[in-house]
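Results of the structural survey
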Amino acid sequence: MAQKFYQEYKVGILGGGQLGRMLIQSGIDWNINFSVLDPDVAAPCHSIAEFKNGSLKDYQTVLDFGSSCDLITIEIENVNVKALKELVKMGKKVFPQPEVIELIQDKRTQKNFYKENGIPTAGFILTENKKDILAQKSFLPAVNKLGREGYDGRGVQILKTEKDLDKAFDAPGLLEKLIDFEKEISVIVARNESGETQTFPAVEMIFHPEANLVEYLFAPAEISETIVAEAERIAKKIITGLNMVGLLAVEMFVTKDQKVLVNEIAPRPHNSGHQTIEANVTSQYQQHLRSILNLPLGDTSIIKPSAMVNLLGEEGFSGQAKYVGLEEVLNIQGVYVHLYGKKLTKPFRKMGHVTIVDDDIESLKKKTNFVKQTLKITT
């Protein structure tokens, strides 16, 4: 079996971005063969694995790509699920399963899943268009989310008062009660075909005020053991309820009255797990491979407290990327820079990340602030 996995077996990845890149970097240690499909000829994975250029949404393209692989996984949810279902019928392994991807592709079906399965989440109303939202003035303040294709801060906006209603999306989506939270946390959980599950310690996320995506995070999260246990229980309940094989990131709110509410889930490696490469015994990328190959799940223990800073393209700069302050940052002990191979930068584009590890929390925070203020992506 091992020889099949590591010599002849080919893992196909739908999506050639940075998540796929780091997954391949992890799998290289095990001699795993990878093939990647992405619509961008210059995608971060294009030079480190067998690469095929094509649409992730096109039925025939995905079917043809998957036909040449033994197992297919994803690094982005926006893929053609119909083709994946056909590949399963052909005897191909697809993890996470097509039905799981299909459910998570739409935030509306996500929310209904939480409601039907007793998963704590913010109150919500499903909407079909802007007219539906205008009729729900009494529900404000709320978060308006597009049902499909929103990611990295896109497809999400806050509607605090009636004055904000002009911004409402005129497409199927939902209104979600605006939560007055204390912290935003994430728990990544893995599950293999044998049903073994394992969680990573919760991390605490701080979001960029304008881009609405994670700016930096700290691990482990500074939360009580009670909250830790509840967050891990919820993450395991979700992945088990979905009968999912693979890696699932569960983003949650910790409210002011110390309740845990699920915000959103992602069935793949996630931005909130990048720091595990250096800071945990097993990285999220190796854990994803272990889960989809039905191998024993790895130890997720923290080696050292850590922080992760997303390297985003600076506002006002678009074009050939230039990294300012790189040498100064690399001169600090416990700092690890990961660049994603993207030649062109634009405002708020994810160009890389930095992990910082330190036994001393105050020192960790100081180093994190230095990295944030020093390393910039311009042109």
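What comes next concerns the included structure. The structure presented is a predicted model; accordingly, all values stated were derived computationally and were not measured. Each chain has its residues counted from 1, following the order in which its sequence is written. Totals for whole chains, interfaces and linings use every residue, but because this is a predicted model, local features are given only for residues with pLDDT of at least 70 and side-chain atom pairs only at 80 or more, for both listing and counting. Heavy atoms throughout the structure, all of them, feed into the side-chain values; hydrogens and water do not.

Where helices and strands are cited, they refer to DSSP runs of H or I of at least four residues and of E of at least two residues respectively, numbered from the N terminus. Within the secondary structure layout, Pro120 lies in the loop between α6 (107-116) and β6 (124-127). We classify Pro120 as partly exposed; its relative accessible area is 24%. Taking the C-alpha atoms as reference, Pro120 lies 6.1 Å from Val262; in sequence the two are 142 residues apart. Other than its neighbours up to four places away in sequence, Pro120 contacts Ile234, Val260, Leu261 and Val262. The rule is simple: take the accessible area with a 1.4 Å probe, protein chains only, and divide by the maximum for that residue type; under 20% is buried, over 50% is exposed, in between is partly exposed. Only heavy atoms enter the contact rule, under which two residues are in contact if any of them lie within 4.5 Å.

Quick look at the pattern of salt bridges now. Each reported salt bridge corresponds to a side-chain nitrogen of Lys or Arg within 4 Å of a carboxyl oxygen of Asp or Glu. In total, this model carries 16 salt bridges according to the counting rule given. Asp180 serves as the salt-bridge partner of Lys256, at 3.1 Å between the closest nitrogen and oxygen. In this pair, Lys256 is assigned in the loop between β14 (246-255) and β15 (260-266) and Asp180 in the loop between β9 (173-177) and β10 (181-191), connecting sequence segments 76 residues apart. For Asp180, a relative accessible area of 54% translates into the label exposed. Between Asp257 and Lys259 there is a salt bridge, with its nearest N and O atoms 3.9 Å apart. Bridged by salt links that share partners, the residues Lys111, Lys145, Glu176 and Glu264 form one connected network.

Moving on to the sheet that holds strand β7 (residues 142-146). Should DSSP find at least two bridges between two strands, the strands are taken to pair. The antiparallel open sheet is built from four strands, whose spatial order is β6-β9-β7-β8. Across the chains shown, the open sheet's two edge strands, defined by having one partner strand only, are β6 and β8 (156-159). Ignoring strand direction, the axes of neighbouring strands in this sheet form an average angle of 20 degrees. The pairing of β7 with β8 spans four bridges and is antiparallel. Across the sheet, the residue bridging to Ala142 is Leu159, located in β8. Axis definition: a line fitted to C-alpha atoms, limited for helices to the stretch in contact. Angles are taken between N-to-C directions and run from 0 to 180 degrees. Each of β6, β7 and β9 is contacted by α6, which is oriented at about 145 degrees to β6, the strand it contacts most.

Here we come to unusual backbone geometry. For the bond from Leu140 to Pro141, the omega torsion is 0 degrees, close enough to zero to count as cis. Structurally, the position occupied by Pro141 is in the loop between α7 (130-134) and β7. The linkage connecting Ala219 with the following residue, Pro220, adopts the cis geometry, with an omega of 0 degrees. Position of Pro220 among the secondary structure elements: in the loop between β13 (214-219) and α8 (225-241). The residue Gln258 is not glycine, and still its phi comes out positive at about 65 degrees.

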